[in-house]
Every structure is written in structure tokens, then in C-alpha cells.
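Working through the structure, step by step
What follows is the residue order along each chain.
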Amino acid sequence: MKKALQILTFALLLAGLFTSVAIAQDDTPTDDEVNAVAKQLYCPVCENTPLDVCPTEACRQWRELIRSQLSEGMTEQQIKDYFVANYGARVLSEPPRTGLNWLVYILPPAIILLGAFFLFRSFREWTKASATAATISAERSEIEASSPAKDDYVARLEEELKKRK
Amino acid sequence: MFAEFGYGVLLVSLIVAIYSGIAAVNGALNKSAATVESARRAMLLTFPLISIAAGTLIYLLVNDHYEVAFVYEVTSRSMPTYLKITAWWGGQAGSLVFWSWLLAVFTSAVTLRKWDRDIEFLPWVILVSSVTLTFFLGMTAFFENPFARYWVTNGNVAPSMFAPAGATLFTPQDGQGLNPLLRHPGMVIHPPMLYLGFVSFVIPYAFAMAALITGRTDDRWIRITRRWALWAWLFLSFGLVLGGRWAYDVLGWGGYWGWDPVEIAAFMPWLTGTAFLHSVMIQEKRGLLKHWNMILIILTYALVIFGTFLTRSGVLSSVHAFANSPIGPFFMGFVSLTLVASVALVIWRWPILRSETEMKSMLSREALFLLNNLLFISILVVCFWGVIFPLVSELFTGQKVTVGPPFYERATAPLFSGLLFLMAIAPLSAWGHSTVQTLGRAIWKSAAAALVVVVALFFTYTKNIGALVGFFLVALALFATTHEFWRGARARQKTQGENFFTALSRLMGRNRRRYGGYIIHISMALMAIGILGIEIFQKETQGALAQGEQLNVGDYTVEYRELASWDSAGEGVNHTRAVVDVYENGVYLGELNPRIDYYFDSQQNMTIPGQRSTLRDDLYILLVDWQPVSSAGATFKIFVNPLVNWLWIGSLVFLLGVIFAAWPDNDPNEETARRSVTRSNRQPSAAD
């Protein structure tokens, strides 16, 4: 039993060794692994071209740089930081969330919310105004309110058809 | 000789354009029909004049006059004649002439219409067109002159229109040639389409301004320009789609839209234009939102000018480029000036633009249209701010930043989903009034069917929540819209006793605008399928392969067979073409040929993917790199783009829909019949 355990341990160790050898042999990061990082970066020289698809020679070399950085064990974040440190924030696909850059994230939703607020306020006013009007001509609004979409549609359709006959 | 002639004609057309504007105002203010007529004839004259200038430019392009700087920049001896002609809009100076020419065409067409009772609009329409035309012609005459030639003075070569003292003309042997990326057929017709769209939007804007100035605030200006706006929208949309297709075919990144500032520049007027097309219906049917429609068409015009400027100048790359661009400040000045003037007109006329009726319910069709407008404008805000922000950042902090796809995708995805949802429910709501009950009754069947689709997709295709929500909205819009066709045809079938298909075709034929609109909605839903597919399910892989080696992605296996490289001397191109075998789940499908073309004149590469396209997905293979000596190994990038074909199918359906809606009616009674219906719809509210 003890011997069996020893053999098993030995076998496991051996297997572990082989796999680590295999990993060591296959240590160069694949193109896909490089692209996964390059995709998140923008070419520092061309305008608005992601690094993973940029066809220039410069970008090819940057991709090779990413490959060697990956094989040195750098993380995605470290590589991105390296590129930002060397080429500026423009290599990121979005502005970093610091200082003035917050404006890019905050302004559109703020304007949209403001627009929505104004729209709904106007709705309220309009509907209120028409409610007062409705009391004056209650009869008419009731007719309108009681005609559901479908019937109204068919009625209108028929009316149009009659006119064209 | 020809260059001077062309330039001279350009100057004359500029003077004529200025005259027509001045005469128009004069005639209107002094109530002199003869002066207005003179302005109209001057406007008509700009068309032949600019045609002659453009013809001269084309002559120079086709006949290799490389002493002309513009000709040198966009053509070369190896280019075929048709490409030399289309190089007309291949560079900034030429495309400004092209823009002016299109504007002259449209303005001439519009001044030739029967004016009858709209005659009061005429001078002001001429004025707006003439101001716009003057601006563009002025740009070409003084800042971006396509006729400027190269001169040598003391060994320095510089372009200028007239010979500097002691200079001799310099004629390069050959031109630089058009950027190879722009030689693709999609790119040859993409700019004219966009420009057609851009320029046609000037006409509704001109009428809107005329309506403001004359104080005629009924919806007449909208009725006159409805078809213009529709055609403008068609061309703009088609231009955008062509641009996408071009990007997909030649840019070699496996996509069709990269949220590049140049793309967004063309997309922004489309957004306001689409909002405009929807909201004018509220004004026509209910007499509401007159201010808002004015603001939308003004915005569209401003964005058209802005977009024309952005797409050609590359100024967005930095504050520097903007300041150095000779025309940058002028464009901005013109956009600001027209914007301020137009808004001032709206404010001046604010009181008489009051609505004729009120909104009655938050679920009425007009309310939902407003919501639709809010969403379109929200997308515009995101786009505009994203495009502008890098400049703002550089200006205030000196830091250059990129605003890329993740920003836009995150911000616009919910807004586009909202639009899909509105597309499903808004056509079911009634003008004037709807309630949750009436809407619910109208939509529950479609919603149930869409739910069934989503459940089926959940078990067979994807468990991605975002995708399922997207597909639900697409299915809802598709079912709700087709249900509308069915319901309308059935109603007609009952009342008229026709068979279903006769009923359907007559129903559609008599109501082109509505059913054209529904066809467009269906096309949008189809396009959304393609967008969801490629955005959410795209797979990619890349690898260097030796001959006989394979790469797997999804169900596909790609095997590298061979590679060849050769010059095709006549065209000045080197082709490198790989042959790969494609298998799906082990079954041989055929070979594909990704290739790279190298253009000697412009020293640029063009990557042509090998594509295998089906309704289910596209296999898209790019040749990235190869070993030049042995050609034994090559690197490929392979994309699987699910469902992307639906985007192109949707585009074709879209074209059909717009043409259907915008096609001139055969039935002359149609217009009057529709008007009487509109009037009867409006009556109750008018009486309030």
C-alpha cells in the first residue's frame, strides 16, 4: 500500500514535471494572447486604429513587444500601464477616469437625463392642459378615450378607403 | 491654360452666386418680382458654370496634368480612366467643387418647380442656397483651390494659382495616385452618396428658413420638402451602408463600423435627419412641435456642414491640425454663424410657431414620437461629445486621449434598444390618445411570439442575456410590424372583398408613406440581427502556419496550402495571394484566397480578405504576414462573424422601403385625399 502510494506520488511528480516542461516549451505567447492585449490598445502613431489590426511595421513591432512582455510574465494591466507611460493616454481605447476626463463619461448622461426631465415635465403640462380642455369638451374626449388603438385604426382605414372609392 | 480657365469659371460662378443672393433679398424686400426672377436665373446659371469648372478639372485629371497640385495628389499614370474621373472627389479641394456642383444641381432643380402659391418662399430659398454655395465656392476659390499649380522659385517647389515672380512651371513625371483603399468600388460611390445626402438636406433647411422669414408657419414647407428630406435620408443612409461595406471588404479588421470620428461625422446628420423625418409627421398630423422641427432641421444643416468638413480635413486628430488647416476656422465660423442666425430666426418667430393642439396622453403616438426624438438626440449627444472630447482634452490639459468603440458601445446600446422597442410599439399607438390597455391589446400577440423565439434561442443558440434581450426586441419589432401589414390587409379584405394579396398591395400602394416606413422598420430590425451577431458572437484567432498546417476557429478549420506573389505591371500593383482550404466540422467547403495588394505609386498595402458568406455566418480570412523567401509560412487572422449578412440584407430591404415611400405617387388625388384625412383628424383638436 505504502509502495503504491510512493509510485503514485512519483507518477504525479513526473507528470507535473512533464507538464511544466511542456509549458516551458510552449512559453511564447500565441498570437491570440498578444492580440487580446493589443486589442485594448490603440496604435500610438496612426489615428484611431486598434493595435491588433494595425498593418504598419511599427505596430507589428509593438505587438512583438507585447509578446515578449507577456512571456516575461507581465500582466495585461502592467503592459497597458507601460504603453500609457511611454506613449500617453491616447493609446487607451477610452480616456482614463481621472480629472477632466470624467467629463466624457458624465456629460452625455447628464444631458440625456436633463432632456428626459424636460420632456416629461412638458408632457405633464400638456396633459394637464388638455385635461382642463377635456372638462370643457368632455364628451369628445370620452369618445376619443374609449376608442382603442385597433378600432381607431380600422375606422380610419375605412374612412380613407371610402373617400377614395 | 486649362487650369486658368477652370479657375476663372469658378470665380465667375462665385460672383453669380453672390449676386443671386443679393438680388433675392433685394427683390423680396422691395417686392419686385423682376428682381427675384433675376436672382432665380442667376441661381440657375450657377449649374452650367460649375459644371464647366468641374469638367475642366476632370479634363486635367484624365489627361495627367501633374503640374496641377490636386491632380498630382490624387491620380497617377497607372490608374484607369474611370478612377481618374472619380478622383474628382478623392481629395479635399475636388470634393468641395463636387459639393458645390451638387448644390447647384439641387438648387436649380428646386427653383424650376412650379411655385404658384409658394412664391413668397422663393427669394429666401435662393438666399439660403446662395449663401451656402458662396461659402463652398469661396473655400475652393481662395483656400482649397483644385487648380493651383506647382511653381519652382529658387529651387523651391510650391503650389499656387498664379506664377510667382521669376517662377517656372513644374510638372512632375507621375502623380502620387489615389490612396489604394479609395479605389474600391464601394469607396468610389460612397462619397457621392454621402454628399448627395448632405446636400439634399440643404433644401428642406432652405425652405424652413424661408418659412421662418416669411412667417408662414403652417406645415407647407414640410410638405414641399418631404420628398427632398426622404431622398436626402436615402442617400445618406445608403452612403453610410456603403462605407460600412467598404470597411468590411478592404480595411481588414473584420468589422464594418469602428466608431471613427470620420464615420461619426456622417452619422450625426443622419441621426437628426431621422428624428426630423419622424417628428414632422406630428406637425403634419397634429400641428404640434413646430419649434422642435425647426431646431431639428437647423441642427441637421449644421451637422451636414460640420460633417463635410470633418470627413475630408482630418482636423480631429489634434488641435494643431485644426488650427493649421487653412479652412478649419472658416468652416467653424460658417457653422456658428448659420447656427446663430437660424436660431435667432426661430426665437424671433417663437410666438407664432405655437402648437395648434395639445398632447393628450403619454402613450399617444405623438408622445412616443417625442420619445423617439429624445433617443435619437441622446445618441447624437454621445457621438458629438465623443468626437469633440479629444480636442477639449488636448486644449485644456494638453493630454491626448482616444474615445474609442467601448465608450460608444456602452453608451449607445441601451439607446438603440430603446429605439427598437419604440419601433415595435409606436406604430400600434393611436394619434391623440392611447392607454396601456389599448397598447397592450395591440401588442400582446407579437410579444408572446417574440418570447417564444427567445426561449427557442435560449435552448439552441445562446445564453447571453444581452443577446437575448436584443433578439427579443428585434423579434418584437418584426412581429408587431408584420402584424400591422396583416391587420391592414385583413381589414381591407373584409370591407372590399378582395383577396388577401390584392388587398395587401392596394393597401400599401395607397399608403406608401406609412407602409414604406414599416418596411424600413423591418429592415432596421434585420440590420439589428447582423449587428447583434457580429458584436456579441464574433470569434477570432490568429496564427503563423507552415504549409499543410491548420488553424481552428468555431466549427471551421483553415488549412494553409500555398502562396504566390507577382507584379501586375500595367496596374502598378504587386499581389500576394494565399490559397487556403476551408473545412467545416471536417467537411471540405472549398478554397479561399486572402491577399495583399501593394501599390507602388502610393506605397500602400491593401488587405483583401478571403470571405465565405452564408446567412448563418461569415468566415473572413486575412493574410497578415508571410515569409518572403520561402513562402513556406504565412500568418493568418481568421474571423467568424455570425449573422453579419443580415446587416447587408437589411440594407437592401431598407433601400426598397425608402424608395417605396418616396416614389412619386401615380394617383394625383392621393395628395388631396391624404390632406382631407389629415384635416378631419385635426378637426376635434382645432375646435378645442
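Small disclaimer: the values here were computed from a predicted structure and weren't measured. Numbering of residues begins from 1 in every chain and follows the order in which that chain's sequence is written. Throughout, the order in which chains and ligands are written sets their labels, letters from A for the former and numbers from 1 for the latter. In view of the model being predicted, local features appear only for residues whose pLDDT reaches at least 70, and side-chain atom pairs are presented and counted only at 80 or more, with totals across whole chains, interfaces and linings using the full set of residues.

**Topic: the domain arrangement of chain B**
All names here are of chain B. Start and end points for every domain follow an automatic or database-based domain assignment. You can read the domains of chain B as domain 1 (1-178), domain 2 (179-353 + 363-397), domain 3 (405-534 + 657-687) and domain 4 (537-645). Measuring from the centre of the C-alpha atoms in domain 1 to the corresponding centre in domain 4 gives 44 Å. Here the contact rule is simple: place C-beta atoms from the backbone, and any two residues whose C-beta atoms are within 7 Å are in contact. On the domain 4 side, the residues contacting the five residues of domain 1 number five residues. When the residues that make up the side of domain 1 that touches domain 4 are grouped by side-chain class, the tally is no nonpolar, four polar and one charged. Throughout this entry, Asp, Glu, Lys and Arg are counted as charged residues, while Ala, Val, Leu, Ile, Met, Phe, Trp, Tyr, Cys and Pro are counted as nonpolar. The remaining residues, Gly among them, count as polar.

**Notes on the nonpolar core**
All names here are of chain B. Definition of nonpolar core: a set of buried Ala, Val, Leu, Ile, Met, Phe, Trp, Tyr and Cys residues joined via C-beta atoms within 7 Å. Exposed residues have 12 or fewer other C-beta atoms within 10 Å of their own C-beta, buried residues have 20 or more, and partly exposed residues fall in between, where C-beta atoms are placed from the backbone. Formed by 215 residues in total, the largest nonpolar core has its most connected members in Val125, Tyr205, Phe207, Ala210, Val474 and Ala477. By definition, any uninterrupted DSSP run of H or I lasting at least four residues is a helix, any uninterrupted run of E lasting at least two residues is a strand, and each is numbered from the N terminus. Counting residues per element, this core draws most heavily on helix 9 (residues 220-251), at 19 residues. For Val125, the contacting residues outside a window of four places in its chain are Val110, Ala206, Phe207 and Ala210. Listed in part, the 22 residues of the second largest apolar core include Tyr556, Ala578, Phe639 and Val640.

**Some details on the sheet that holds strand 3 (residues 168-169) of chain B**
Residue and element names in this part refer to chain B. At least two bridges found by DSSP between two strands is the condition for calling them paired. Across the sheet, which stays open at both edges, the three strands sit in the order 2-1-3 with antiparallel pairing between neighbours. Each edge of the open sheet carries a strand with a single partner, namely strand 2 (156-160) and strand 3. Looking at chain direction, strand 1 (residues 149-153) and strand 3 are connected through two bridges and run antiparallel. Each residue of the ladder has a partner; that of Val152, found in strand 3, is Thr168.

**Details of the confidence of the model for chain B**
Residue and element names in this part refer to chain B. A residue-level look at chain B finds 93% of positions with pLDDT of 70 or above and a mean pLDDT of 87. The low-confidence segment residues 667-688, where pLDDT is below 50, has 21 contacts with residues more than four positions distant or belonging to other chains. For this predicted complex, the interface confidence score (ipTM) comes to 0.79, while the overall pTM stands at 0.87. Here pLDDT means the predictor's own confidence in every residue, given as a number from 0 to 100.

**Description of the environment of Trp102 of chain A**
Residues and elements named next belong to chain A. Structurally, Trp102 can be placed in helix 5 (residues 102-136). A residue is classified by how many C-beta atoms lie within 10 Å of it, and Trp102, with 12 of them, is exposed. Sequence separation between Trp102 and Gln77 is 25 residues, and the spatial gap between their C-alpha atoms is 20 Å.

**A few points about the sheet that holds strand 12 (residues 617-626) of chain B**
Residues and elements named next belong to chain B. Across the sheet, which stays open at both edges, the four strands sit in the order 4-13-12-11 with antiparallel pairing between neighbours. Strands at the two margins of the open sheet, each flanked by one partner only, are strand 4 (539-546) and strand 11 (610-613). Looking at each pair of strands side by side, their axes are set apart by 15 degrees on average, direction ignored. Note: strand 4 against strand 13 (residues 633-642), eight bridges, orientation antiparallel. Among the inter-strand pairings, Glu540 is bridged to a residue of strand 13, identified as Phe639. Axes here refer to lines fitted to C-alpha atoms; in helices the fit is confined to the stretch in contact. Angles between the N-to-C directions go from 0 to 180 degrees.

**Side note on the packing of helix 7 (residues 185-200) of chain B against helix 9 of chain B**
Residue and element names in this part refer to chain B. Following both chains from N to C, one finds helix 7 and helix 9 inclined at 155 degrees, their axes separated by 7 Å at the closest point. As summarised for this structure, helix 7 and helix 9 are arranged roughly antiparallel, according to the angle between their axes. Helix 9 is crossed by helix 7, and the crossing has left-handed handedness. Looking at the contact of helix 7 with helix 9, its residues break down into 15 nonpolar, six polar and two charged. For classification, angles of less than 35 degrees are called roughly parallel, those exceeding 145 degrees roughly antiparallel, those between 65 and 115 degrees roughly perpendicular, and all remaining angles oblique. Each crossing gets its hand from how the near helix is turned against the far one by less than a right angle, where anticlockwise is left-handed and clockwise is right-handed.

**Things to note about helix 9 of chain B**
Residues and elements named next belong to chain B. Expected span of a helix: the number of residues minus one, times 1.5 Å. Here helix 9 contains 32 residues, and its C-alpha end-to-end distance of 45 Å stays within 8% of the 46 Å for a straight helix at 1.5 Å per residue. Two axes enter the definition of the bend at a residue: one is fitted to the seven residues ending there, the other to the seven starting there, and the bend is the angle between them. In helix 9, a bend of some 50 degrees at Arg226 exceeds every other bend along the element. Counting buried positions along helix 9 yields 24 of 32 residues, so the element is predominantly enclosed. Two residues or fewer past helix 9, Gly252 is found with a positive phi of approximately 65 degrees.

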